[in-house]
Amino acid sequence: MTARYGAIAPRRDRAVTDELNPTLAGRVVMVTGAGQGVGADVATYCGLVGARVAVTARKPDAATAVAKDITDAGGQAVAIRCDVTSREDIDRAIAETVDRFGALHGVVHNAISSYSSRPIPFEEVTDENWDDQTAVALRAAYHLAQASFAHLLAVGGSFVFMLSTAGMEGSPPVPAYSTIKGAQRAFMKSMAREWGPHGIRVNGVAPIAVTPAIANFLASEPIAAERLAKRAALERLGDGVWDIGPPTAFLLGPDARFMTGQTLVVNGGSFMF
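The sections below set out a description of the structure shown in this document. These numbers come from a predicted model, not from an experiment.

The next subject is the overall build of the protein chain. The secondary structure content of the protein chain amounts to nine helices and seven strands. Here the protein chain holds 273 residues, and the buried ones make up 49% of them. Surface summary for the protein chain: the accessible area is close to 12700 Å², and the carbon and sulfur share equals 52%.

Put into C-alpha coordinates, the structure is as follows:
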(Lines give C-alpha, C1' and ligand atoms only; values in the text may rest on other atoms or scores of the structure.)
Protein backbone atom coordinates (compact mmCIF):
# COMPACT_ATOMS: atom_id res chain seq x y z
CA MET A 1 0.00 0.00 0.00
CA THR A 2 1.38 3.41 -0.92
CA ALA A 3 1.78 6.20 1.61
CA ARG A 4 -1.59 7.88 2.05
CA TYR A 5 -0.14 11.33 2.68
CA GLY A 6 2.72 11.59 0.24
CA ALA A 7 6.40 12.30 0.75
CA ILE A 8 6.19 13.45 4.37
CA ALA A 9 4.52 10.25 5.56
CA PRO A 10 6.59 8.59 8.29
CA ARG A 11 8.98 5.72 7.81
CA ARG A 12 7.26 2.37 7.85
CA ASP A 13 8.32 -1.23 7.97
CA ARG A 14 7.47 -2.41 4.49
CA ALA A 15 7.76 -6.02 5.62
CA VAL A 16 4.45 -5.82 7.46
CA THR A 17 2.67 -5.27 4.18
CA ASP A 18 3.93 -8.54 2.73
CA GLU A 19 1.69 -10.85 4.74
CA LEU A 20 -0.74 -9.90 7.48
CA ASN A 21 -2.16 -12.26 10.06
CA PRO A 22 -5.99 -12.19 9.76
CA THR A 23 -6.46 -11.45 13.47
CA LEU A 24 -9.96 -10.02 12.96
CA ALA A 25 -11.23 -12.66 10.55
CA GLY A 26 -14.92 -13.31 11.03
CA ARG A 27 -15.46 -10.10 13.00
CA VAL A 28 -17.57 -7.09 12.10
CA VAL A 29 -16.25 -3.67 13.09
CA MET A 30 -17.92 -0.27 12.78
CA VAL A 31 -15.70 2.84 12.80
CA THR A 32 -17.12 6.34 13.26
CA GLY A 33 -15.51 9.35 11.60
CA ALA A 34 -13.84 6.98 9.16
CA GLY A 35 -13.96 9.18 6.08
CA GLN A 36 -10.44 10.51 6.61
CA GLY A 37 -7.51 10.66 8.98
CA VAL A 38 -6.94 8.12 11.73
CA GLY A 39 -10.49 6.78 11.39
CA ALA A 40 -9.95 5.93 7.73
CA ASP A 41 -6.56 4.39 8.50
CA VAL A 42 -7.88 2.24 11.36
CA ALA A 43 -10.81 1.08 9.23
CA THR A 44 -8.37 0.22 6.45
CA TYR A 45 -6.11 -1.82 8.71
CA CYS A 46 -9.05 -3.68 10.22
CA GLY A 47 -10.13 -4.60 6.71
CA LEU A 48 -6.62 -5.77 5.85
CA VAL A 49 -6.58 -8.17 8.81
CA GLY A 50 -9.89 -9.77 8.00
CA ALA A 51 -12.65 -7.67 9.58
CA ARG A 52 -15.79 -6.81 7.68
CA VAL A 53 -15.85 -3.05 8.16
CA ALA A 54 -18.66 -0.52 8.32
CA VAL A 55 -17.01 2.75 7.31
CA THR A 56 -19.20 5.50 8.72
CA ALA A 57 -18.78 9.22 8.13
CA ARG A 58 -20.85 12.37 7.91
CA LYS A 59 -19.79 12.79 4.27
CA PRO A 60 -20.92 9.75 2.26
CA ASP A 61 -18.43 10.30 -0.56
CA ALA A 62 -15.53 10.11 1.88
CA ALA A 63 -16.86 6.92 3.44
CA THR A 64 -17.36 5.40 -0.01
CA ALA A 65 -13.75 6.14 -1.01
CA VAL A 66 -12.36 4.45 2.11
CA ALA A 67 -14.65 1.43 1.70
CA LYS A 68 -13.48 1.13 -1.91
CA ASP A 69 -9.83 1.15 -0.78
CA ILE A 70 -10.61 -1.74 1.55
CA THR A 71 -12.48 -3.78 -1.03
CA ASP A 72 -9.82 -3.08 -3.69
CA ALA A 73 -7.27 -4.55 -1.26
CA GLY A 74 -9.34 -7.73 -0.98
CA GLY A 75 -11.33 -6.89 2.15
CA GLN A 76 -15.02 -6.40 2.81
CA ALA A 77 -16.48 -3.01 3.65
CA VAL A 78 -19.64 -0.98 3.40
CA ALA A 79 -19.93 2.81 3.45
CA ILE A 80 -22.65 4.25 5.67
CA ARG A 81 -23.52 7.89 6.15
CA CYS A 82 -23.63 8.69 9.87
CA ASP A 83 -23.62 12.01 11.68
CA VAL A 84 -22.85 10.87 15.23
CA THR A 85 -24.63 13.90 16.70
CA SER A 86 -27.87 12.30 15.49
CA ARG A 87 -29.24 9.35 17.51
CA GLU A 88 -31.35 8.40 14.50
CA ASP A 89 -28.22 8.19 12.32
CA ILE A 90 -26.42 6.06 14.92
CA ASP A 91 -29.32 3.63 15.26
CA ARG A 92 -29.63 3.36 11.49
CA ALA A 93 -25.88 2.85 10.97
CA ILE A 94 -25.72 0.02 13.49
CA ALA A 95 -28.86 -1.59 12.08
CA GLU A 96 -27.47 -1.35 8.55
CA THR A 97 -24.15 -2.85 9.66
CA VAL A 98 -25.89 -5.82 11.29
CA ASP A 99 -28.24 -6.25 8.33
CA ARG A 100 -25.30 -6.27 5.93
CA PHE A 101 -22.86 -8.46 7.87
CA GLY A 102 -25.04 -10.37 10.33
CA ALA A 103 -23.44 -9.19 13.59
CA LEU A 104 -21.46 -6.45 15.30
CA HIS A 105 -18.31 -7.44 17.20
CA GLY A 106 -16.59 -4.11 17.63
CA VAL A 107 -17.19 -0.36 17.63
CA VAL A 108 -14.44 2.23 17.26
CA HIS A 109 -15.60 5.72 18.22
CA ASN A 110 -13.17 7.96 16.39
CA ALA A 111 -15.31 10.89 15.20
CA ILE A 112 -14.26 14.34 16.39
CA SER A 113 -15.76 17.79 16.03
CA SER A 114 -14.48 20.21 13.41
CA TYR A 115 -13.78 22.56 16.33
CA SER A 116 -11.43 20.11 18.03
CA SER A 117 -8.22 21.15 16.27
CA ARG A 118 -8.87 24.92 16.30
CA PRO A 119 -6.53 26.65 18.79
CA ILE A 120 -8.53 28.96 21.04
CA PRO A 121 -8.19 30.04 24.69
CA PHE A 122 -10.91 28.99 27.13
CA GLU A 123 -12.24 32.52 27.56
CA GLU A 124 -13.02 32.68 23.82
CA VAL A 125 -14.69 29.26 23.48
CA THR A 126 -18.27 29.74 22.31
CA ASP A 127 -21.27 27.69 23.39
CA GLU A 128 -21.52 26.41 19.82
CA ASN A 129 -17.92 25.17 19.94
CA TRP A 130 -18.34 23.53 23.35
CA ASP A 131 -21.71 21.97 22.50
CA ASP A 132 -20.52 20.52 19.20
CA GLN A 133 -17.40 18.95 20.72
CA THR A 134 -19.47 17.53 23.56
CA ALA A 135 -22.08 16.16 21.17
CA VAL A 136 -19.49 14.38 19.01
CA ALA A 137 -17.22 13.03 21.75
CA LEU A 138 -19.59 12.37 24.68
CA ARG A 139 -23.24 12.39 23.69
CA ALA A 140 -22.45 10.26 20.66
CA ALA A 141 -20.52 7.88 22.90
CA TYR A 142 -23.49 7.08 25.11
CA HIS A 143 -25.80 6.84 22.08
CA LEU A 144 -23.35 4.42 20.46
CA ALA A 145 -23.10 2.48 23.70
CA GLN A 146 -26.86 2.17 24.08
CA ALA A 147 -27.41 1.26 20.43
CA SER A 148 -24.60 -1.30 20.24
CA PHE A 149 -24.93 -2.96 23.65
CA ALA A 150 -27.26 -5.81 22.70
CA HIS A 151 -25.16 -6.69 19.65
CA LEU A 152 -21.88 -6.62 21.55
CA LEU A 153 -23.43 -8.59 24.41
CA ALA A 154 -24.46 -11.35 22.01
CA VAL A 155 -20.88 -11.93 20.85
CA GLY A 156 -18.72 -10.76 23.77
CA GLY A 157 -17.62 -7.77 21.74
CA SER A 158 -15.34 -4.80 22.20
CA PHE A 159 -15.75 -1.02 22.21
CA VAL A 160 -12.70 1.17 21.52
CA PHE A 161 -12.45 4.93 22.02
CA MET A 162 -9.96 7.02 20.08
CA LEU A 163 -8.72 9.21 22.92
CA SER A 164 -5.94 11.78 23.14
CA THR A 165 -2.97 12.51 25.37
CA ALA A 166 -4.40 16.04 25.49
CA GLY A 167 -7.07 14.57 27.75
CA MET A 168 -4.37 13.28 30.11
CA GLU A 169 -1.87 16.12 30.30
CA GLY A 170 -3.87 19.06 28.94
CA SER A 171 -3.04 21.17 25.92
CA PRO A 172 -2.95 24.98 26.08
CA PRO A 173 -3.85 25.51 22.40
CA VAL A 174 -7.04 23.41 22.67
CA PRO A 175 -8.28 23.52 26.29
CA ALA A 176 -11.89 22.63 25.48
CA TYR A 177 -10.78 19.62 23.44
CA SER A 178 -8.46 18.52 26.24
CA THR A 179 -11.25 18.77 28.81
CA ILE A 180 -13.77 16.86 26.71
CA LYS A 181 -11.29 14.13 25.74
CA GLY A 182 -10.45 13.73 29.44
CA ALA A 183 -14.16 13.29 30.14
CA GLN A 184 -14.38 10.79 27.31
CA ARG A 185 -11.62 8.73 28.92
CA ALA A 186 -13.56 8.71 32.20
CA PHE A 187 -16.64 7.62 30.26
CA MET A 188 -14.59 4.77 28.77
CA LYS A 189 -13.53 3.54 32.21
CA SER A 190 -17.08 3.74 33.56
CA MET A 191 -18.34 1.71 30.60
CA ALA A 192 -15.61 -0.86 31.21
CA ARG A 193 -16.74 -1.25 34.84
CA GLU A 194 -20.39 -1.65 33.90
CA TRP A 195 -19.92 -3.86 30.84
CA GLY A 196 -17.16 -6.06 32.23
CA PRO A 197 -19.54 -8.49 33.97
CA HIS A 198 -21.34 -8.85 30.64
CA GLY A 199 -18.14 -9.91 28.89
CA ILE A 200 -17.81 -6.74 26.82
CA ARG A 201 -14.41 -5.05 26.84
CA VAL A 202 -14.01 -1.26 26.62
CA ASN A 203 -10.60 0.32 25.99
CA GLY A 204 -8.98 3.36 24.43
CA VAL A 205 -6.16 4.29 22.08
CA ALA A 206 -4.48 7.69 22.36
CA PRO A 207 -2.70 8.08 19.00
CA ILE A 208 -0.46 10.59 17.35
CA ALA A 209 -0.30 10.06 13.60
CA VAL A 210 -0.11 11.94 10.34
CA THR A 211 -3.56 13.11 9.21
CA PRO A 212 -4.49 15.18 6.14
CA ALA A 213 -4.52 18.40 8.18
CA ILE A 214 -1.13 17.67 9.75
CA ALA A 215 0.27 16.54 6.41
CA ASN A 216 -0.75 19.77 4.67
CA PHE A 217 0.79 21.84 7.45
CA LEU A 218 4.03 19.90 7.64
CA ALA A 219 4.49 19.88 3.89
CA SER A 220 4.84 23.66 4.02
CA GLU A 221 6.72 23.71 7.33
CA PRO A 222 9.51 21.10 7.14
CA ILE A 223 11.23 22.54 10.21
CA ALA A 224 8.06 21.98 12.23
CA ALA A 225 7.91 18.39 10.97
CA GLU A 226 11.44 17.78 12.22
CA ARG A 227 10.67 19.31 15.61
CA LEU A 228 7.52 17.21 16.03
CA ALA A 229 9.42 14.05 15.16
CA LYS A 230 12.20 14.89 17.63
CA ARG A 231 9.68 15.10 20.48
CA ALA A 232 9.10 11.37 20.16
CA ALA A 233 11.58 8.88 21.59
CA LEU A 234 11.35 6.99 18.28
CA GLU A 235 12.04 10.26 16.42
CA ARG A 236 9.34 9.91 13.82
CA LEU A 237 5.69 10.66 13.27
CA GLY A 238 3.12 7.90 13.41
CA ASP A 239 1.40 6.29 10.44
CA GLY A 240 -2.32 5.78 10.87
CA VAL A 241 -2.50 2.43 9.11
CA TRP A 242 0.66 0.67 10.25
CA ASP A 243 1.29 2.31 13.64
CA ILE A 244 -2.23 3.01 14.94
CA GLY A 245 -4.12 0.24 13.15
CA PRO A 246 -2.40 -2.75 14.84
CA PRO A 247 -2.91 -1.63 18.49
CA THR A 248 -6.55 -0.83 17.72
CA ALA A 249 -7.09 -4.18 16.04
CA PHE A 250 -5.42 -5.84 19.02
CA LEU A 251 -7.97 -4.30 21.40
CA LEU A 252 -10.79 -5.39 19.09
CA GLY A 253 -9.48 -8.93 18.77
CA PRO A 254 -9.25 -12.06 20.91
CA ASP A 255 -5.68 -11.51 22.09
CA ALA A 256 -6.85 -8.61 24.29
CA ARG A 257 -9.48 -10.76 26.02
CA PHE A 258 -8.18 -9.82 29.51
CA MET A 259 -7.86 -6.08 28.88
CA THR A 260 -10.55 -3.56 29.70
CA GLY A 261 -10.64 0.02 30.96
CA GLN A 262 -7.14 0.64 29.61
CA THR A 263 -5.64 3.35 27.39
CA LEU A 264 -2.86 2.46 24.97
CA VAL A 265 -0.76 5.57 24.30
CA VAL A 266 0.55 5.08 20.76
CA ASN A 267 2.70 8.11 20.01
CA GLY A 268 6.28 6.94 19.57
CA GLY A 269 7.19 8.05 23.08
CA SER A 270 6.36 11.76 22.84
CA PHE A 271 4.21 11.38 25.97
CA MET A 272 4.96 8.80 28.65
CA PHE A 273 3.19 7.97 31.91
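Next comes the rest of the description.
For the pair helix H3 (residues 87-101) and helix H4 (residues 127-155), interaxial distance at closest approach is 10 Å and the crossing angle is 30°. With respect to each other, H3 and H4 are oriented roughly parallel. You can see that H3 and H4 cross each other, and the crossing is right-handed. Here Arg-87, Ile-90, Asp-91, Ile-94 and Val-98 of H3 lie close against H4, whose contacting residues are Ala-140, His-143, Leu-144, Gln-146, Ala-147, Ser-148 and His-151. Of the residues that constitute the contact of H3 with H4, the class distribution is six nonpolar, four polar and two charged.

Time to look at the nonpolar core. If you look at the biggest cluster of nonpolar residues, it comprises 33 residues, and the most contacted ones within it are Val-53, Val-55 and Ile-244. Among the elements of the structure, strand S1 (28-31), helix H1 (37-48), strand S2 (52-57), helix H2 (60-72), strand S5 (158-162) and helix H9 (240-252) are those that each provide at least two residues to this core. In contact with Ile-244, other than residues within four places in its own chain, are Val-38, Val-42, Met-162, Val-205, Pro-207, Ile-208, Ala-209, Asp-239 and Val-266. By size, the runner-up hydrophobic cluster in this structure holds 32 residues, among which are Ala-111, Ala-140, Leu-152 and Leu-163.

Within the chain, Glu-235 stands out as a residue other than glycine whose phi angle is a positive 55°. By the secondary structure assignment, Glu-235 is in the loop between helix H8 (222-231) and H9. By relative accessible area, Glu-235 is classed as partly exposed at 42%.

On strand S4 (residues 106-109), burial covers both faces: Gly-106 and Val-108 on one face and Val-107 and His-109 on the other are all buried. The pairing of S1 with S4 spans three bridges and is classified as parallel. Paired with Val-31 across the two strands is Val-108, which belongs to S4. In this fold, S4 hands off to H4, which returns the chain to S5; that crossover is right-handed.

The interhelical angle for the contact between H4 and helix H6 (residues 175-195), taken along N-to-C directions, is 15°, at an axis separation of 9 Å. Classified by the angle between their axes, H4 and H6 sit roughly parallel to one another. Pair H4 / H6 crosses with right-handed handedness. The segment H4 lies against H6, with Trp-130, Gln-133, Thr-134, Ala-137, Leu-138, Ala-141, Tyr-142, Ala-145, Ser-148, Phe-149 and Leu-152 engaging Ala-176, Tyr-177, Thr-179, Ile-180, Ala-183, Gln-184, Phe-187, Met-191 and Trp-195. For the contact of H4 with H6, a count of residues per class yields 15 nonpolar, five polar and no charged.

What follows covers the packing of aromatic side chains. Scanning the entire structure with this criterion turns up five aromatic pairs. Here Phe-159 and Trp-195 contribute two aromatic rings whose centre-to-centre distance is 6.2 Å and whose plane-to-plane angle is 75°, an arrangement assigned as edge-to-face. Separated by 36 residues along the polypeptide, Phe-159 in strand S5 and Trp-195 in helix H6 bring together distant segments of the chain. By the burial criterion, Phe-159 is buried, and Trp-195 matches it. Here the aromatic residues Phe-149, Phe-159, Phe-161, Phe-187 and Trp-195 are joined through ring pairs into a cluster of three or more. Seen from the ring of Tyr-115, Arg-118 lies directly overhead, with NZ or CZ sitting 4.5 Å from the centre.

Below, the discussion takes up the pairing of S5. S5 sits mainly inside the fold: five of its five residues count as buried. Burial along S5 is two-sided: Ser-158, Val-160 and Met-162 and Phe-159 and Phe-161, pointing in opposite directions, are all buried. As defined by bridge partners, S4 adjoins S5 across four bridges and the pair is classed as parallel. Looking across to S5, one finds that Val-108 is bridged to Val-160. Bridge count between S5 and strand S6 (residues 201-207): five bridges; the pairing is parallel. Pairing of Phe-159 across the sheet is with Val-202, part of S6.

About the cut-offs
Residues numbered from 1 in each chain as written. Predicted model: local features only at pLDDT ≥ 70, side-chain atom pairs only at ≥ 80, totals over all residues. Heavy atoms only, no water. Helix = DSSP H or I, 4+ residues; strand = E, 2+ residues; numbered from the N terminus. Buried < 20%, exposed > 50% of the residue type's maximum accessible area, 1.4 Å probe, protein only. Areas by Shrake-Rupley, 256 points an atom, 1.4 Å probe, with all protein chains shown as cover. Axes fitted to C-alpha atoms, helices over the stretch in contact; angles between N-to-C directions. Parallel < 35°, antiparallel > 145°, perpendicular 65-115°, else oblique. Left-handed = near helix turned anticlockwise from the far one by under 90°. Contact = heavy atoms within 4.5 Å. Nonpolar A, V, L, I, M, F, W, Y, C, P; charged D, E, K, R; others polar. Core = buried A, V, L, I, M, F, W, Y, C linked by side-chain atoms within 4.5 Å. Pairing = 2+ DSSP bridges. Right-handed = clockwise from strand over helix to strand, strands pointing away. Phe/Tyr/Trp six-rings, centres within 6.5 Å; stacked < 30°, edge-to-face > 60°. Lys NZ or Arg CZ within 6 Å of the ring centre and 35° of its normal.

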